[in-house]
Amino acid sequence: MAASFTPLAAEPAAARDGADFVSVANRYRAVEAGLGPVGLHSVIDRIAVERGNQLAADRKLGHDFDYLKVRLAQEGICWQQLGEIVAYNYASESKRVEEFVNQWFKSPGHWSIMSGTGYTHAGGSWTTGSNGTHYGVMVFVKVCGAATPVLTTSGFTDIGASKFKTDIVWLAANEITVGCSATKFCPEGAVNRDQMATFLSRAMDLSSTSKDYFLDDGWNKHHASINSVARAGVTRGCDTNRYCPSGKVTRAQMASFLDRALNLPGTSRDYFGDDNTSIHEGAINRLAAAGITVGCAGGRYCPGGTVTREQMAAFLRRAFD
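Residues numbered from 1 in each chain as written. Predicted model: local features only at pLDDT ≥ 70, side-chain atom pairs only at ≥ 80, totals over all residues. Heavy atoms only, no water.

Caption draft 1: Region of the structure containing the side chain of D45. By the element assignment, D45 lies in helix α2 (residues 42-58). Among buried Asp, Glu, Lys and Arg side chains, D45 stands out as unpaired, with R46 the closest opposite charge at 8.2 Å. Leaving out residues up to four positions away in the same chain, D45 has contacts with G18, L40, G123 and G124. (Helix = DSSP H or I, 4+ residues; strand = E, 2+ residues; numbered from the N terminus. Buried < 20%, exposed > 50% of the residue type's maximum accessible area, 1.4 Å probe, protein only. Lys, Arg positive; Asp, Glu negative; His and termini not counted. Salt bridge = Lys/Arg side-chain N within 4 Å of Asp/Glu carboxyl O. Contact = heavy atoms within 4.5 Å.)

The structure is reproduced here in structure tokens:
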């Protein structure tokens, strides 16, 4: 692409969402590569807006590193490393940023930039061209003197052997868990019903309520979360006016929790042969239809099995990521 060193005017109505681009990219960096976050840089973000507008005006993809270098110099940004990723799609506005970042994640070349260990800051934008195509761009920069993000495992020292490690890291990156201690997640520990309420409340970003729904949880530290999920219709308790906060969450109960949280569509298919007597069978089938579970083995769901913390991480990531 031919370089043009006169910056294009930013068009906020057409080029946008830099903070969202960086936020979603940081989630991928944390979950998939164990990397710390890059920061949103207002100047780099503005340059990304300009590049997005260029792509839309040209109605084709291309890189212009000369433009990026000159603009950084014009803005007085000292840099040591520079990367740009671009793409186009036709996603709806509500999914546009997520879809762009997912495209880049699936491309080895783009992912190598998005997961670059040297970058410290980034900016992003998408713009719609006159042809109706949406063009997305992110610019990654290592700014002189800025601290480089470090590798992280969310601070947990006991998840290295877990096959659900990336799910646990995702859970921590999205502030759904703080672990069972300052340095541990306790992946094989059982999930209690009170803990499940807090996990769901955080995953769904539920607000608090002054209404007290149950009589047996007033002493519990998860009391507020239990009331929040009750108000949201995610739980009906274990009996009249009782939540049974210390009870272990079974796989069948987990299905109903997530079914209500996501309001999953119905299905006529019966996915498993060992849940026919369970009151949660409908929820289990809907969970399977949504791709959130494949069962425990050989056409079985193991509805009475207790959900471990690492399994819970996988359930939640599939449901809410």
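Resuming the write-up.
Caption draft 2: Highlighting the state of the cysteines. Per the stated rule, a full pass over the model turns up four disulfides. Two residues, C296 and C302, share a disulfide whose sulfurs are 2.0 Å apart. Taking the torsion about the S-S bond as the criterion, the C296 to C302 disulfide, at about 70°, is right-handed. Overall, the relative accessible area of 32% leaves C296 in the partly exposed class. Once the disulfide-bonded cysteines of the protein are ranked by sequence position, their pairing pattern turns out to be 1-2, 3-4, 5-6, 7-8. (Disulfide = S-S within 2.5 Å.)

Caption draft 3: Broad picture of the layout of surface pockets. If you add up the space inside the largest pocket, you get close to 280 Å³. Surrounding the largest pocket, 14 residues form its lining, G179, Q195, R202, K221 and H222 being those nearest its centre. Residue contributions to the lining of the largest pocket peak at five residues, all from helix α7 (residues 193-204). (1 Å grid on protein atoms, 1.4 Å probe; cavity = no way out; pocket = protein on both sides within 12 Å on 5 of 7 lines; lining within 4 Å. Points joined across faces, edges and corners; volume = space filled by probe spheres on them.)

That is the geometry; function is a separate question.
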